[in-house]
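Structural description and commentary
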Amino acid sequence: LRQKALAELATCSGQAELNEWKVKYLGKKGELTSIMRLMGQLSEEERPQIGQWVNQVRAKLNSAFEQKELRLKQAELEQRLKSESIDVTLPGRTVQVGGIHPLTRVIQEMEQIFIGLGFEIAEGPEVETDYYNFEALNLPKNHPARDMQDTFYLTEEILLRTHTSGIQVRTLEAKKGEVPVRIIAPGRVYRRDDDDATHSHAFTQVEGLVVDKGIRMSDLKGILLAFARRMFGAEQQIRLRPSYFPFTEPSTEVDVSCYACQGNGCRICKHTGWLEILGAGMVHPRVLEMAGYDSETYTGFAFGMGVERIAMLKYGIDDIRHFYVNDVRFLKQFANRF
Ligand code: FA5
């Protein structure tokens, strides 16, 4: 019986079989127990001998069972560790990380430069009233200069702002005649322009406004030169050309020397060596008066910069549409560039 039991135990390969084996040999209805039950039929002399023998066999089978159970558990654990092991030499999966859009970067950089020059950041709505976009900027209805900015109208009085200049008026009204006013206002603007390499129907401007006692044209020039040199480098030149805006007098358009071709001529600057990046001028007295400022006491300058043009110049981007197509091959070039 002992040999048969041990031989059978050796073939057990799982916990279920092991349990069956235990019931068969050591259980209450098992083979050893049934031998014990026969004890009564034995003689006085035989009984202790057989009793001892049965106990020895039981002890032997018990310990064999425990050992086998332990071995099976270990084998199972090893198997599990092997199948669950991690190969630390495998290359990791790269996570796709997005980057800040180049236009956003340039706006952030412009904000930092102007904050460093003592400006605050202001904001205004993209859906604007005719009053703030035009009338309060000395552009009454039917004024021919309205044609300079082909407008998306939503209703007769409400439109998509064509420039950020309405924020000049909103800021002045909010300041209620207080000085100094020194703000920049970044924002998206909309025009019914035909798209080409340097024009988009939706683009970004940064408005600037300074109002105080004794502000002069030379202050405007100084601020713009300081900005251009911080943005593009110490060698940067700017060029002021006379221009016309109804809300500034005198008015100017400002070019910066083409950073992309160093003045040698390229597609971005249309081979002139210069690129127009902004319109500016001294705030028209009528604009100050309409917003509640005494134009005899206070003067100011304002500018409106084209952010895409500045970004194109700075990074040698030859088509404004790259900013909006959002081709990741284009965007990726800026991910770690700053
Ligand atoms: C204006 O929008 C005036 N509000 C600027 C201004 C502000 C003048 C304050 C005086 C005082 P202008 O239409 O020229 O001006 O546009 C300003 C700049 O926006 C341009 O120099 C150019 O850099 C950019 N810009 C104009 N039209 C487009 C366009 N369709 N696509 C991309 N950039 C443009």
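Model, not experiment: these values are computed from the prediction. (Residues numbered from 1 in each chain as written. Predicted model: local features only at pLDDT ≥ 70, side-chain atom pairs only at ≥ 80, totals over all residues. Heavy atoms only, no water.)

**Digging into the environment of W21**
What counts is decided by this rule: Secondary structure counts use DSSP, requiring at least four H or I residues in a row for a helix and at least two E residues in a row for a strand, with both numbered from the N terminus. Exposure categories follow from relative accessible area, calculated using a 1.4 Å probe and restricted to protein chains: below 20% of the type maximum is buried, above 50% is exposed, and the middle band is partly exposed. Should any heavy atoms of two residues lie within 4.5 Å, those residues are counted as being in contact.
With respect to the helices and strands, W21 occurs in helix α2 (residues 15-26). Under the relative-accessibility criterion, W21 is labelled buried at 2%. What W21 contacts, discounting residues up to four positions off in sequence, is A5, E8, L9, C12, L26, L61 and F65.

**As for the site of the ligand**
Our working rule: For this purpose, a residue is taken to be near a molecule or strand whenever a single non-hydrogen atom of the residue falls within 4 Å of it. The definition of a polar contact used here is a pair of N or O atoms within 3.5 Å, where within protein one atom must be able to donate a hydrogen and the other to accept one, and adjacent residues in sequence count solely through side-chain atom pairs. In this description, accessible areas are obtained by the Shrake-Rupley approach with a 1.4 Å probe, and a residue is regarded as covered only by the protein chains that are shown.
Within the structure, the ligand sits among 26 residues, and H163, S165, R191, D193 and E276 are positioned closest to it. A distance of 2.9 Å is found between a nitrogen atom of the ligand and a side-chain nitrogen or oxygen belonging to S165. At 2.8 Å, a side-chain N or O of R191 approaches an oxygen atom of the ligand. Summarising the interface, the protein chains cover 95% of the accessible area of the ligand, which totals 680 Å² for the free molecule. Mapped by element, the contributors of at least two residues to the shell around the ligand are β5 (202-212), β8 (274-283) and β9 (299-306). Broken down by element, the residue count for the shell around the ligand peaks at five residues, all from β8.

**Quick look at the packing of helix α8 (residues 217-232) against helix α10 (residues 307-315)**
What counts here: A fitted line through C-alpha atoms serves as each axis, taken over the contacting stretch for helices, and the angle formed by two N-to-C directions is quoted from 0 to 180°. Angular relationships are summarised with four words: roughly parallel below 35 degrees, roughly antiparallel beyond 145, roughly perpendicular across 65 to 115, and oblique for the angles in between. Polar here means any residue other than Ala, Val, Leu, Ile, Met, Phe, Trp, Tyr, Cys and Pro, which are nonpolar, and Asp, Glu, Lys and Arg, which are charged; Gly is therefore polar.
Where α8 meets α10, the closest approach of the two axes is 10 Å, and the angle between their N-to-C directions is 45°. In terms of their interaxial angle, α8 and α10 are classed as oblique. Residue-level inspection shows F227, M231 and F232 of α8 in contact with α10, the latter providing I310, L313 and K314. Taken together, the residues that form the contact of α8 with α10 break down as five nonpolar, no polar and one charged.

**Considering the packing of α2 against helix α4 (residues 46-84)**
Contact pair α2 / α4: the axes reach a minimum separation of 11 Å and the direction vectors enclose 175°. Taken together, the axes of α2 and α4 lie roughly antiparallel to each other. Only R58, L61, N62, F65, K68, E69, L72 and K73 of α4 make contact with α2, whose side of the interface consists of Q15, L18, W21, K22, Y25 and L26.

**Thoughts on the side chain of T162**
Checked against the element boundaries, T162 lands in the loop between β3 (158-160) and α7 (166-175). With relative accessibility at 0%, the residue T162 sits in the buried group. Within the local environment of T162, its side chain forms a polar contact with the side chain of N133, the two groups lying 2.9 Å apart. Leave out the neighbours within four places in its chain, and T162 touches N133, F134, Q149, D150, T151, V189, Y190 and R191.

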